[in-house]
Amino acid sequence: MQGNQAMSEGAIYAGAKFFAGYPITPSSEIAEECSKVMLKIGGVYMQMEDEIASIAAVIGASLAGAKAFTATSGPGFSLMQENLGLAVMGEVPCVVIDVQRRGPSTGLSTKPAQGDIMQLRWGRHGDQSVIALCPATVSECFFMTVKAFNFAEKFRVPVIMAPDEIIGHMRENFSLPTPGEVEVIDRKKPSGSPENYLPFAADKDGVAPLASYGSDYVFHVSSSMHGPDGCSNNDPANAAWRVAQLHRKIEMHRDEIVITKTFSAEDAEILLIAFGATTRSSRAAALELRKRGVRAGVLQLITLWPFADKEVASLGGRAKTVIVPEMNYGGQMAGEVQKVLGGGADIRRVNSYNGEIITPQDILKAIR
Amino acid sequence: MKENQKRYEVILAGSGGQGLVLSGIMLGEAAILEGKVVVQTQSYGIASRGGLSLAEVIIDQEEIIYQQVQEPDIILTLTEEALEKYIPYAEQQVVIFYDTTLAKARTGACLTGYPFTRIASDLGNLGSVNILSLGAMIAKIPMVKKESLVRVIQKRFKGKALEMNLQALETGTDLIRKGEQTW
C-alpha cells in the first residue's frame, strides 16, 4: 500500500465522512482514493475550486458534525492558512494533510522536502497553537492519521499530517487493522438543554463539548474574540483567558500528544534526531556507526508540534554530538533542538534542498 | 547468481509513460505474495509523458530501513538518458538491461541489450513493454517466481489486456531462458 493511500484509509478508519480538496502533487492520490471511497461509505467527496474553498468546506462539514479532512501540498497549504486560523479560534476539529514538496512557491512539484516545519507551527498569524504529526513508514501513515483525527476531535483543534513526498508516494507491505482494533475517539457532545449550551465554555480538560450545526443546539462560531457563548466579547480578561485556553488545552495534554520513537538511543553518544523519510536514512546511518563500534542512536519525532522538548533534552543532553538531518536549507528543526540543548551543545545540521533525499552516507559525512 | 539471496535491489528507469512505476508496483506485489518485505519508491519529473522516470524496488526477508536502492542487483534502462545515468554501475558488475530500440547499442560484460520496445510493438501492444522487460529481469535474477507475477497480472488486468500482458511476460522470460535471437 502507498503512504497516501494509507492516510486515506486511516482517515476512513477514524470515521471521516467528508473530504473536500483540490488535488495537487504529491498528495493527489488521497483525493483520488477519497473520490472512490467516500460515496461507498455514505460520505461526501467534494472537488473544490481551490484550497481556500477546500478548507472552508472542511470547517463547515466539521461544524455540521462530520469528521472532515483535506489533503494538499505547499502551495495549497499556504492558501489554507487563513481559514486554518479560523479553525483554531473557532475550535473546529479538522485534519489537513500536507504532503511536503520542494519549494519555495510551486518549486519542484514532484520532489520531496521538509521545508514546511515552521509553517506548520506558525503559518497562521496571531499567537496560536496546532498539532502536527509526521510519519516515516506506510504503517505510520495509517496509524498517525487515525491519531490525527483522535487529537482533532478530542482537543477541538486542527491537526496537520506532514509527510514528505517520499513517504506519501512510497509503497510498503501493510494490512489494514480490523474495526475496533485501533482506538477511535469522537468529539464530546453537549448533554444539557440547548438553551443553556455554551460552545466555548471549556471543561476541566480545556475543551468544551461541540454540538452540530443543524441540531437543536443553535450556536455561533466566530473568528473574532468571543466569550463562552460564542458571541463577541472584547473584555481583556476574556481575551487573556481565551488565548491561554487555546494554548493550554494542548499543553496540558502534551505527554499524550507528543509521540516519539527511539532506536538504540538510550546509550547513544551520537544522537540523530529525525522525522519523516530522513528517519530512515538516520537509522541506516546509526546502524553503520554501531557496526564501527560507535554508540549511535536515533530519536524519531512523530509529533513535530508541540515540540518534543523533554525527549530531546533527556537523550540529547546525554549525547556528545547531536545530528539533525532535514530536507530544508537552514535546519528548521535543528533550531528547535538548539533552543532546548543550548548554544554550547555540539549540534550538527545535515541539510538537502535540491529535491533529493538525504542518504545515510550524507549523514555519516557529518561525523569525522 | 546467488540462488538463496535474501535481498534484491532493483532500479527500473526510463521515461514517463513507459509504465515503469507500475511494473515496480507489480514486482513488489509479487514479492509480497511470496511473503517478502518490500519497499517501492519512485522519482519522476512534472511531465506525465517523457522526462526521466524511475521506480526502485527492494525485496527483503526482514525490515527494510533505508528505502532507496544503494546496491542494485539489476537495473533496467528503457531510454538513452536512463542508460547514460546508470551505465557507471556496469563497472561494479551490476546487471544492466537496456532497450536497443531506444538507446544506442553498447558493449560490456554486464550490459545486455534487447529491443524490448520493438518486441512489445510486434506483439501488438507497445504498452506492455514494462511487463515484457520485467519478465526478462526475473528470468535473469530470480527475485520473484514467474507464477507470482502471473497472479499479480491476473488481479490487475481483464480480457484482452490480461491476455496481452501474460503474453508479454512469457515473451520476456523466454528472451533469457531460451536466449532466443529471433529479432
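Coordinates for the structure precede this section.
About the criteria used
Residues numbered from 1 in each chain as written. Chains lettered and ligands numbered in written order. Predicted model: local features only at pLDDT ≥ 70, side-chain atom pairs only at ≥ 80, totals over all residues. Heavy atoms only, no water. Helix = DSSP H or I, 4+ residues; strand = E, 2+ residues; numbered from the N terminus. Rg over C-alpha atoms; globule rule 2.2 N^0.38 Å. Buried < 20%, exposed > 50% of the residue type's maximum accessible area, 1.4 Å probe, protein only. Contact = heavy atoms within 4.5 Å. Areas by Shrake-Rupley, 256 points an atom, 1.4 Å probe, with all protein chains shown as cover. Lys, Arg positive; Asp, Glu negative; His and termini not counted. Charge placed at Lys NZ, Arg CZ, Asp CG, Glu CD. Salt bridge = Lys/Arg side-chain N within 4 Å of Asp/Glu carboxyl O. Polar contact = N/O pair within 3.5 Å; in protein donor to acceptor, adjacent residues only side chain to side chain. Nonpolar A, V, L, I, M, F, W, Y, C, P; charged D, E, K, R; others polar. Core = buried A, V, L, I, M, F, W, Y, C linked by side-chain atoms within 4.5 Å. Domains from an automatic or database assignment.

**Q** What exactly am I supposed to notice about the overall build of chain A here?
**A** Helices and strands together make up the secondary structure of chain A, namely 13 helices and 15 strands. In terms of overall dimensions, chain A is globule-like: its C-alpha atoms have a radius of gyration of 21 Å, near the 21 Å expected for 368 residues. Taken over the C-alpha atoms alone, chain A extends approximately 70 × 45 × 40 Å along its principal axes. Looking at the 368 residues of chain A, the share that counts as buried comes to 59%. When contacts within chain A are restricted to residue pairs at least 6 apart in sequence, those whose partners lie at least 24 apart make up 76%. Counting only carbon and sulfur atoms, one obtains 53% of the accessible surface of chain A, whose full area is about 13,900 Å². Positive and negative side-chain charges of chain A, numbering 36 and 40 respectively, have mean locations separated by a distance of 6 Å.

**Q** How should I be thinking about the interface of chain B and chain A in this particular structure?
**A** Interfaces are often described in size by the accessible area the parts lose on coming together. Contacts between chain B and chain A engage 21 residues on the former and 22 residues on the latter. Counting across the chain B and chain A interface gives one salt bridge. Between Arg283 of chain A and Glu63 of chain B there is a salt bridge, and its shortest N-O distance comes to 2.9 Å. The tally of links between chain B and chain A comes to 11 residue pairs in polar contact (both at pLDDT 80 or more). Listed by contribution, the elements that provide at least two residues to the side of chain B that touches chain A are helix H1 (20-33) and strand S2 (37-44) of chain B. Residues that form the side of chain B that touches chain A fall into these classes: 11 nonpolar, eight polar and two charged.

**Q** For this particular structure, what's the right way to read the nonpolar core?
**A** Inside soluble globular proteins, nonpolar side chains tend to come together where they are buried. Residues and elements named next belong to chain A. In this structure, Phe69, Ile97 and Ile131 are the most contacted members of the largest nonpolar core, which totals 80 residues. Element by element, the count of residues in this core is highest for helix H6 (residues 138-155), at 10 residues. Counting contributing residues per domain, this core is built from domain 1 (1-257) and domain 2 (260-364), each supplying no fewer than three. Non-local contacts of Ile131, meaning those with residues more than four positions away in its chain, are made with Phe151, Phe155, Val157, Pro158, Val159, Ile160, Ile250, Ile257, Trp305 and Pro306. Core analysis: the next-biggest nonpolar cluster, separate from the first, contains 55 residues, Val92, Val96, Ile117 and Ala319 among them.

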